[in-house]
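# Working through the structure, step by step
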Amino acid sequence: MFRVESARRRWFLPAAILLASSLLWADGLAAQNVLSRALQERIRENPHTTDADVEAGARVFRRSCSLCHGADGTGGDGPDLTRGVFRHGSSDAALFRNILTGIPNTGMGGIYQPDRSIWQVVSYVRSLSRGGGEEEVPGDPRRGRLLYMSRGSCSDCHRLNGSGGRIGPDLSDLGWRRAPEHIRASIAEPSAAIDGSYRTVEVRTESGAIVRGVLRNEDRFSIQLFDEFENLRSFQKAELTTIEKPEESLMPPLGSFFRGRDLDDLVAYLYSLRPE
């Protein structure tokens, strides 16, 4: 009986913590809505659009947003903000709400700031626009699609609209998330800026076997990775002789595979990708 009750307590404690965390998050979101005059009064247009507001918004952006969206707004873990058109709404009111409260079912959380600061961030994001809409890029996306499918083994590692590998990032909505310059750099020098969700790890077992892949989870006693053959592997650290985390991507540089027109066409294709 003691063991059963102990097991139940061990199960209920994490569940209780998770529930409490969810309630706190919901309370925090409710507090944001209550404290925001702009949300209560449904203000539609940005009242803070001066040059000074843009500068103030840039400071908040660099502190709270640049980690995901890049220092220049061209994208990182979060989408490219320089086109002036946004997947979850492009009006001032939509941008305000998304910045303040976050976007459900995405990696974007809200910023707990006064209304004035949020509007200033909206002004700064507006200033990043390069004219609105999709950016014009050189290259033929139709030819780029053929290159993607036939050269460099891209689909072996990347998933696209439900097909392909899983070791690399899903590219189905890459055009929303990355600027053309970022896509080009990621092809030529993928190790220059590695997505935090795709950190490389290499472990050596006591038998001398080396397993390399993408880090999935790690605690004091164990480490889990998604290996190069798309197998989820788990190891006890006591059974490993070395654990290394090289600052390099599993994706090799592809500058020798795609150059000149070929690179332009591939970038044009990848930038054209949008959710179906």
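Residues numbered from 1 in each chain as written. Predicted model: local features only at pLDDT ≥ 70, side-chain atom pairs only at ≥ 80, totals over all residues. Heavy atoms only, no water.

### Description of the overall build of the protein chain
Rules: Strands are runs of DSSP state E lasting at least two residues, helices are runs of H or I lasting at least four, and both sets are numbered from the N terminus onward. To sort residues, take the accessible area from a 1.4 Å probe on protein chains only and compare it with the maximum for the residue type: under 20% means buried, over 50% means exposed, and anything in between is partly exposed. Contact definition: two residues touch when any of their heavy atoms are within 4.5 Å. The protein chains shown are the only cover counted for residues, whose accessible areas, like all others here, come from Shrake-Rupley with a 1.4 Å probe.
Scanning the protein chain from terminus to terminus reveals 11 helices and 7 strands. Each of the 276 residues in the protein chain was classed as buried or not, and the buried ones make up 38%. Contacts in the protein chain between residues far apart in sequence, at least 24 positions, make up 62% of those at least 6 positions apart. Of the accessible surface of the protein chain, which amounts to about 16,500 Å², a share of 54% is contributed by carbon and sulfur atoms.

### Here we look at the sheet that holds strand 4 (residues 210-218)
For clarity, the threshold we go by: A pair of strands is considered paired only if DSSP assigns at least 2 bridges between the two. Axis lines are fitted to C-alpha atoms, over the contacting stretch for helices. Their N-to-C directions set the angle, which ranges from 0 to 180 degrees.
Read across the sheet, 5 strands follow the order 6-5-4-3-7 without closing on themselves; strand pairing throughout is antiparallel. Strands at the two margins of the open sheet, each flanked by one partner only, are strand 6 (232-236) and strand 7 (240-244). Geometrically, the sheet is characterised by an average inter-axis angle of 40 degrees between neighbouring strands, direction not taken into account. Two elements, strand 3 (residues 200-205) and strand 7, share 4 bridges in a ladder whose sense is antiparallel. Counterpart to Glu202 in the pairing with strand 7 is Glu244.

### Section: the pairing of strand 5 (residues 222-227)
Of all 6 residues that make up strand 5, 6 are buried, and the element is covered over most of its length. Neither face of strand 5 is exposed, since Ser222, Gln224 and Phe226 on one face and Ile223, Leu225 and Asp227 on the opposite face are all buried. Bridge count for strand 4 against strand 5 is 5 bridges, and the pairing is antiparallel. Along strand 5, the bridge assignment pairs Asn217 with Gln224. What sits between strand 4 and strand 5 in their antiparallel hairpin is a turn of 3 residues. By the bridge criterion, 5 bridges tie strand 5 to strand 6 in an arrangement that is antiparallel.

### Observations regarding the side chain of His69
Put simply, the test is: Each polar contact in these results corresponds to two N or O atoms within 3.5 Å; when the atoms are within protein, one needs to be able to donate a hydrogen and the other to accept it, and residues that are neighboring in sequence are counted only if both atoms are side-chain atoms.
With respect to the helices and strands, His69 occurs in helix 4 (residues 66-69). Overall, His69 belongs to the buried group, its relative accessible area being 10%. A polar contact of 2.9 Å, which involves the side chain of His69, links it to the backbone oxygen of Pro79. Contacts of His69, omitting those with residues within four sequence positions, involve Phe61, Thr74, Gly75, Gly76, Gly78, Pro79, Leu81 and Met108.

### Remarks on the packing of helix 3 (residues 51-64) against helix 6 (residues 115-127)
Heads up, the condition is: Here the angle decides the label: under 35 degrees means roughly parallel, over 145 means roughly antiparallel, 65 to 115 means roughly perpendicular, and every other value means oblique. Residues are grouped as follows: Ala, Val, Leu, Ile, Met, Phe, Trp, Tyr, Cys and Pro are nonpolar; Asp, Glu, Lys and Arg are charged; every other residue, Gly included, is polar.
Remark: helix 3 packs on helix 6, axes separated minimally by 7 Å, with the N-to-C direction vectors making an angle of 95 degrees. What the angle tells us is that helix 3 and helix 6 run roughly perpendicular. Only Arg116, Gln120, Val121, Ser123, Tyr124, Val125 and Ser127 of helix 6 make contact with helix 3, whose side of the interface consists of Asp53, Val54, Ala56, Gly57, Ala58, Val60 and Phe61. Looking at the contact of helix 3 with helix 6 residue by residue, the class counts come to 8 nonpolar, 4 polar and 2 charged.

### Some points on the pattern of salt bridges
It is possible for side chains of opposite charge to pair when their charged atoms get near one another. Put simply, the test is: Salt-bridge detection follows one rule: a side-chain nitrogen of Lys or Arg within 4 Å of a carboxyl oxygen of Asp or Glu.
A complete count under the given rule lists 14 salt bridges for this structure. Two residues, Asp53 and Arg116, come together in a salt bridge whose shortest N-O distance is 3.8 Å. Taken together, the positions of Asp53 in helix 3 and Arg116 in helix 6 put the pair 63 residues apart, joining distant regions of the chain. Among the residues examined, Asp53 registers a relative accessible area of 5% and is labelled buried. Among the salt bridges present, the one from Asp264 reaches Arg184, with a minimum N-O distance of 2.9 Å. Separated by 80 residues along the polypeptide, Asp264 in helix 11 (residues 261-271) and Arg184 in helix 10 (residues 180-188) bring together distant segments of the chain. Taking the relative accessible area as the measure of exposure, Asp264 reaches 21% and is therefore partly exposed. Through salt bridges with shared partners, a single network forms among Arg143, Arg151, Arg261, Asp262 and Asp265.

### So, the nonpolar core
Our working rule: Buried Ala, Val, Leu, Ile, Met, Phe, Trp, Tyr and Cys residues form a nonpolar core when they are joined through side-chain atoms within 4.5 Å.
Counting 20 residues, the largest nonpolar core has Phe61, Leu81, Phe96, Ile99, Ile118, Val122 and Val125 as the members making the most contacts within it. Elements supplying a minimum of two residues to this core: helix 2 (37-40), helix 3, helix 5 (92-101) and helix 6. With 6 residues, helix 6 is the single largest residue contributor to this core. Contact partners of Leu81, with chain neighbours within four places excluded, come to Phe61, His69, Gly73, Phe86, Val125 and Leu128.

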